[in-house]
Every structure is written in structure tokens, then in C-alpha cells.
Amino acid sequence: RILKHDKLYKAYPELKDLTVELIDGGQTFGGRFTYDAIQIPEDTLKSKSLKSVLMHEVQHYIQDKEGFAMGGNPEAVMSMIREVLKKIDNSPEERKRKELVKELDEMYKKLFVLGSAIHVLKIKDRPESMFKTWWWSKHGSWWIPRKSAKKQYKPFMEEWTEKFLKGVRKEVEEKGEEAQYNEYLEMDLNELNRLYRNLDAKKNRVWKKLPKDIARNFRKAVVDYEKTLTSYEQADLQKELYKRLAGETEARNTQTRMDMTDEERKDKSPRFTQDYEEEQQLVVFSNGVTLTYKPVGSEASEEEVKTYFQSAYHGTPHIFDKFSLGAIGEGEGNQAHGWGLYFAQNKDVSENYRRGLVDKNKSSKYTYDGKSIEETKFKDIDSTSLSWILSLGKERVIEEIKEDIEYIIKWGKDNKGKQRQEILDGNAKYLIKKQKELELVKELNPEKLEMSAGQLFEVDIPEDEVLLDENKSFSEQPKLIQESINKIFEEKKPSDIISEKIKWFDSMLNELEQKAIKDGGYTTQTNYSRNLYEEKISDLEKLLQKLNNYSELKGKDIYKILSIVYEGDKEASLLLNEYGIKGITYDGQQDGRCYVIFDDNAIDVIKTYYQEANEEEKLIAGYTYPEVLEKLTELYGQFDKEGLSENEQQEIMAKVHVLEDAFEVSENPQKFSNEERQMEIMLNAYYIMNNQEIPKDYLETEKYEQAIEALDEMEK
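This paragraph deals with the sheet that holds strand β7 (residues 371–372). Taken in spatial order, the three strands of this open sheet run β7-β6-β8, and their pairing is antiparallel. Because the sheet does not close on itself, it has two edges, and the strands there are β7 and β8 (449–451). With two bridges joining them, strand β6 (residues 366–368) and β7 adopt antiparallel strand pairing. Note on β7: the bridge partner recorded for Tyr368 is Lys371.

If you want it as C-alpha cells, here you go:
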């Protein structure tokens, strides 16, 4: 025994058998918990800190055992933070929070416009109050000599009011609310005050519903990491973030408190001995979940927020932005594993699916003037000809078709008599088709013809915890799945539905029997009906037997039974989704692990491949690439002018830096830490393109220096 601790072993008896491994000295760590052992370097074993290190690692063991917030290591902390941030941002709770934030932003904008209109109307009603306020700011007194008032009042009000009104209108115009502002100015002041009070009360109600931003610390960590300029700074930051992991803070606190007496422990809460406050810590659990959501200021007990997400892929010949259950039936799949949206864990599987469908599906591969080629008069042009028009040019294709026609005719003419006629007759349809194709190609405008590569999506889908596994028995399904299925069978009572169907078929058999007695026997028709009803009853009785023993069935059979009971795969999928089962997971054999998802709102697109667009069509803050490049050229030209002060140079290069960031957002959005950061960059790019000033925080020395370095590299 390397550690004697009776109270600890009483709480965790199995801890006594945990192996402590002795490893070579000179490590970068004093100890390490590896889930099945604690590793101690030789130099730690010989030091006075051995007990402290052991207690630190034992606390990590307890965290793992109890499901507490975990620790980590400096090298992996950033990848852990990014993964947690991804899970948070993809959670339903975070999406709801962002919706409320957007709603609040709109309310604040409306309150600003309303308040501006109210303020302007008040000044128009009582202009002397503005003059008094100005006088007090200048002289420190509310008393205004009569001569001064008479002499200065009128010119001040004319000049100040004009400046004030222009300033207010400029701010309103920047928010794009000029029309609403003008409308408010025509309204009664009392009515505007009423509108303002109502909107302000509504804003306060939304605030109460707003959950706290549990991702704030993680976003800040990523932003701080991206700001660092050298690997040394990044290494220091990683160490700091590692120390702020809640599991590490708790383990160090264990070291701090290990020699305390029982009385000292009672007198001093662990909260007062930890080296980081709760709001500074990064709370991460082993499954990637962090903290909980609750409304701001709420005293309600918090429920653990579980954000189950995993990556998958979907290949399609079609172009769209968002997955929709409404589009099921328009694709090429046969829905063999149930009704829903299909995904594969393996990217190559989805890529092969995309490629195969694009190659065989002309209607989705080619578009003309924005429509599928099959919806236009050019649908009779051969796929090969369409491909050649794009690659070789229209004139070359016309020549190829002409040569093809001439060859067939010449072949027929070179033969004599009956054989010649047979050749011409046999190729008549082909010649007519090629002649029609020739006329269509001559008419086609190549600039309107486009070839789609389809799309390959990388998405986040619900994790296996909420998916019904086709190949696992009921007892092997995740706990959430078992609970949901039990609830369906308790509340929906599918066995009762089957029993009612059996009774109905029994009644039909009785009617046939009575008819047979009356008619003196079964006819061919009634005998056929009797056999059919008996077969149905037999099948339903077998199904009822399975329903009564559903806990012995595999996931595939449970889905199939529900599909039969509720008369359709779609109905079965919608029912399962209603009870929290988000889809099916199955072994696609050569396709590997695959998924069928019942809830399109639980699918988030991470990345889309093959969405090609011309540079002129790509937009940055509403402006085309060439327009933004032209603005960059203009800014570089301004920077080269002689006589610029350092501040002027700094302002120009800050604008250059913003536009370069905007290009990065457009081409490589995942480089930036979060959506708010991307929106901030695009908003500042919009200001620059409109020749407006950008916020001062873009004029920081660090960003200015980065911009200068970027310019030097560009000039090289």
C-alpha cells in the first residue's frame, strides 16, 4: 500500500486495488491518472510532494467514478475546448438562446428608434430645457442672466438643434430604420410613450427567459488563443486554460485541504480554498457536456443539459441549404431502414453515393437558366453532348453531331439494294433524334448551361444515446431508448390496437359463417374471403404475441411492428420522434455505420462540399469580390500617400485587416471561433464599404501590427 487512508477506502473500497505504476523520471508531469492506474515518475516518488500528488490523482479517479467535471492536460486542452464549444453551439438550448438574443437585439433597436423620436419631439415641445442644460454644463449654474438668455438663446438653439437632429437621424439611418423613425415623428407623444413602455416591458420578460451563456468562457478561451502571436504565448495560455479546468481546480483544492482537521474543513468551505472562482472555471464532463442552462436570475433547480451530437455525411445530386423531412420521396433511396433522412459515418460512402447519383441523373446534373435541364426544351440533348458543350464548346459539338449524321447516311449509301434500305430503316429513329439534337444545340445558349457536382454534406446528428439500434436487443439499447419504448407501449398501447383488429376480422368471419349457413355452403368468393381473414387473424395473433414480449425483440423488429400497427414507416418514425427517439442506427455492412434521422431540426450542417460559384457571384457584406478587392486597392493607395500621421496609417491598415478577415470568413468560416465573431467582421466590412467609420477596437496596436506584417508579405 503506497497510501494509507481508511476513510477514503471506506467510501471507495475498490480504490485500494488501483495500481500505482512507477515510471522513469524527468517527465513534464508529477503524476498522471490513466483510468486504470496512477503513474508516478521516480523523482516524484523520492520527493516530499508524493502524498500531495497522489491525492491530486485520486481526486481524478473519484471524478471519473462519480461523473464529476474532469481534468485534462495542457497539450489537449484547446481541442477539448473547441469540441465542447461545438457541442454547446449545436445544442437545442443554445439555438434557443441565440433566437432570444436576436429577438432582444431587435427590441433594443426598436427601443432606440422610439426613444430617439420621443426625445426629438420633447425638445420641439420644450426647447428651453435644452438651453438650460447647455448653460448649466458651461457655467455650473441653472440661473441664466436675462441679457445672456436673450442674446444667446436663439443662435444656440438654431445651431444645436440642427446638430442634434442630424446626429439622431444619422444613427437611425445606420440602423436602417429611417422610415419607422419618420413614422414615429408624425405620431402623438403620449402614444409613443405608451409604445415605449409596452416594448420595454416585453423586453424585460424576454430577459427573464434568456438562459445564461454557458459557452462564454469557452468562446473567450478560443478568441484569446487566436489572438496570441507566438507558440510560446500559446503554450502559456494552454497551461492557464488547463489550470482553469474545473476538474484540475478541484484536484488542486484537494491538495490544499488534505492536511486540514475535520473542524477546519467544517469552518472553511471548499469554495473559499479553490484558486479559481466558479465563473472562471471551464466545466467539462467526460461526455463533452458542460454546465447547465437556466434563465438569468432564476432560482429554479438546474437540469443537466445533454447535447448529444456526432458527425456524419450525406451525398446527393441535388442542391439545397437545409435538410427537410418534406423532401423525403424526392431522392433516389428506397428507405429500406425506415422513414427519415439517411447519413453515413464514412465520408467516402456518402461521396460515392453523390458521385454515382450525379453521373446517372441528368436532371439533377445539368441546369439551364436555373432550371433542371429536364424541365426545358433542351431535355433531348444527350448527356455527352451537354458535357462536351461545357468542356469543348458549342461549335465543336455541332461539328461532332453533323459528322455522326453524315457517317450513318454515308454507311447506308455505300451499300446497295435491300441492305442499304435496312441500314437506313434501322437507323431512322437515331437519325431523327440526332437531327433534332443538332437543332437544339444550335439554339442553346452555353452561358446558361451549368453542371452541378451535387453536394456532400458534413453534418452533426443526434448521438447514439437517442438512436434506436437495429441490431441490438431491447435490453442492449441505451437507457433513454428503453425508457421511451416502455413509455410508448404504456401510453399508446399498440397491443390494444392489434386486439381490436383481431376482433374486427373475427366478426367478419362470423358474418361469412352465417352467410354460408344461409346459402347452404361457402361459395368460391366467400371461401377466398374466409381464407384471407383467417390468414390475417393468424398474422395479427403472432404480432400480438411479439408485442406482449417486446423486451425480447431487436430494434429492427420493434420498428417493423410499430410500422405495421400504425400502418406506415412514416407514422412509426413520427411516433418514435415524439417520444424522444431521434432516429435509427444500423450496420450498413460494406457502407459501415449508417443512420436514419427522424427530426430535421436535429441536423446541423457543418460543411458543404462542391458548392461552386463564380467569384463575381460571391458576396462579402453584400458586395462582390471584385468590389471588395477594389476597395482594398484603394486603401493600399491611401496608405502609400506621403505625410500621413501614425494614427492615420493605423486607421487605414485596420480597415485593410477587417476586409482581409472578411475574405477569410467568406472562404474559411471555421477559422473563426464563433458566429458572433463572424458577424462582427462582416458588419465592420459593411461600414468600410459604405465609407463609414469602424469601431475603435479595430484600431488596437496588435491588429495594426498584424496588418502591417500582412501587407509586407503581400508586397514581397
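Now that the structure has been shown, the text picks up again.
In terms of burial, strand β3 (residues 37–41) is a largely internal element, five of the five residues being buried. Burial along β3 is two-sided: Ala37, Gln39 and Pro41 and Ile38 and Ile40, pointing in opposite directions, are all buried. Judged from the five bridges that link them, strand β1 (residues 19–23) and β3 form a sheet pairing that is parallel. Each bridged residue has a counterpart across the sheet, and for Glu21 the counterpart in β3 is Gln39. The turn linking strand β2 (residues 32–33) back onto β3 is made up of three residues, and Tyr35 within it adopts a positive phi angle of 75°.

This paragraph deals with unusual backbone geometry. Even without a glycine there, the phi angle at Tyr35 is positive, about 75°. With respect to the secondary-structure elements, Tyr35 resides in the loop between β2 and β3. Positioned with a positive phi, Lys493 is a non-glycine residue whose angle comes to about 45°. Counting through the fold element by element, Lys493 comes out in the loop between α20 (479–491) and α21 (494–519).

Taken together, the three strands give an open sheet; going across it, the order is β1-β3-β2, and neighbouring strands pair in mixed fashion. Of all the strands in the sheet, the pair left with one neighbour each is β1 and β2. Here β2 runs beside β3; their pairing, made up of two bridges, is antiparallel. Its bridge partner being in β3, Phe33 is matched across the sheet by Ile38.

The next subject is the pattern of salt bridges. Pairing between side chains of opposite charge can happen when their charged atoms approach one another. A full pass over the atoms with the stated rule returns 18 salt bridges. Measuring nitrogen to oxygen at the nearest pair gives 2.4 Å for the salt bridge that ties Glu443 to Lys377. On the criterion of sequence distance, the pair formed by Glu443 in helix α19 (residues 428–443) and Lys377 in the loop between β7 and α16 (383–391) is long-range, its members being 66 residues apart. Given a relative accessible area of 48%, Lys377 falls into the partly exposed group. Several salt bridges share partner residues, and in doing so they unite Glu106, Lys109 and Glu177 into one network.

A cluster of nonpolar side chains, contributed by Ile2, Val20, Leu22 and Leu45, occupies part of the molecular surface with about 310 Å² of accessible area. Mapped onto the fold, Leu22 is located in strand β1.

It is worth spelling out the environment of Leu512 at this point. Assignment of secondary structure puts Leu512 in helix α21. Remark: the alpha-carbon pair of Leu512 and Arg530, spanning 18 residues in sequence, is separated by 7.0 Å. Among all residues touching Leu512, those that are not within four sequence positions of it are Tyr522, Thr526, Ser529, Arg530 and Tyr533.

Two quantities define a packed helix pair, namely the angle between the helix axes and the distance between the axes. Contact geometry of helix α22 (residues 524–548) with helix α23 (residues 555–565) gives a least axis separation of 11 Å together with a crossing angle of 130°. In terms of axis orientation, α22 runs oblique to α23. The handedness of the crossing between α22 and α23 comes out as left-handed. Here Leu543, Lys546 and Leu547 of α22 come into contact with α23, specifically with Ile561, Ile564 and Val565. Looking at the contact of α22 with α23 residue by residue, the classes come out as five nonpolar, no polar and one charged.

On to a negative patch on the surface. Judged by side-chain charge, Glu395, Glu399, Glu403 and Glu406 come together as a negatively charged surface patch. In this structure, Glu406 sits in helix α17 (residues 394–414).

We now examine helix α24 (residues 569–578). Restricting attention to buried positions, one finds in α24 the residues Ala572, Ser573, Leu575, Leu576 and Asn577. Among the residues trailing α24, Gly580 stands out with phi positive, at a value near 90°.

Here we come to the pairing of strand β5 (residues 341–344). Along β5, one buried face is formed by Leu341 and Phe343 and the opposite face, lined by Tyr342 and Ala344, is buried too. Alignment of β5 against strand β12 (residues 593–597), held across four bridges, turns out to be antiparallel. Across the sheet, the residue bridging to Leu341 is Ile597, located in β12.

Among the nonpolar cores identified, the biggest contains 52 residues, and Phe343, Val459, Ile461, Ile485, Ile498, Tyr559 and Ile603 are the most heavily contacted of them. Ignoring any residue separated from it by four or fewer positions in sequence, one finds Phe343 in contact with Ala312, Tyr313, His314, Phe323, Val459, Ile461, Cys594, Tyr595, Ile597 and Ile603. Grouped together as the second largest cluster of nonpolar side chains are 21 residues, Met107, Ala117, Phe164 and Val206 included.

Basis of the calculations
Residues numbered from 1 in each chain as written. Predicted model: local features only at pLDDT ≥ 70, side-chain atom pairs only at ≥ 80, totals over all residues. Heavy atoms only, no water. Pairing = 2+ DSSP bridges. Helix = DSSP H or I, 4+ residues; strand = E, 2+ residues; numbered from the N terminus. Buried < 20%, exposed > 50% of the residue type's maximum accessible area, 1.4 Å probe, protein only. Salt bridge = Lys/Arg side-chain N within 4 Å of Asp/Glu carboxyl O. Patch = residues over 30% accessible without salt bridge, like charges linked within 9 Å, V, L, I, M, F, W, Y side chains within 5 Å. Areas by Shrake-Rupley, 256 points an atom, 1.4 Å probe, with all protein chains shown as cover. Contact = heavy atoms within 4.5 Å. Axes fitted to C-alpha atoms, helices over the stretch in contact; angles between N-to-C directions. Parallel < 35°, antiparallel > 145°, perpendicular 65-115°, else oblique. Left-handed = near helix turned anticlockwise from the far one by under 90°. Nonpolar A, V, L, I, M, F, W, Y, C, P; charged D, E, K, R; others polar. Lys, Arg positive; Asp, Glu negative; His and termini not counted. Charge placed at Lys NZ, Arg CZ, Asp CG, Glu CD. Core = buried A, V, L, I, M, F, W, Y, C linked by side-chain atoms within 4.5 Å.

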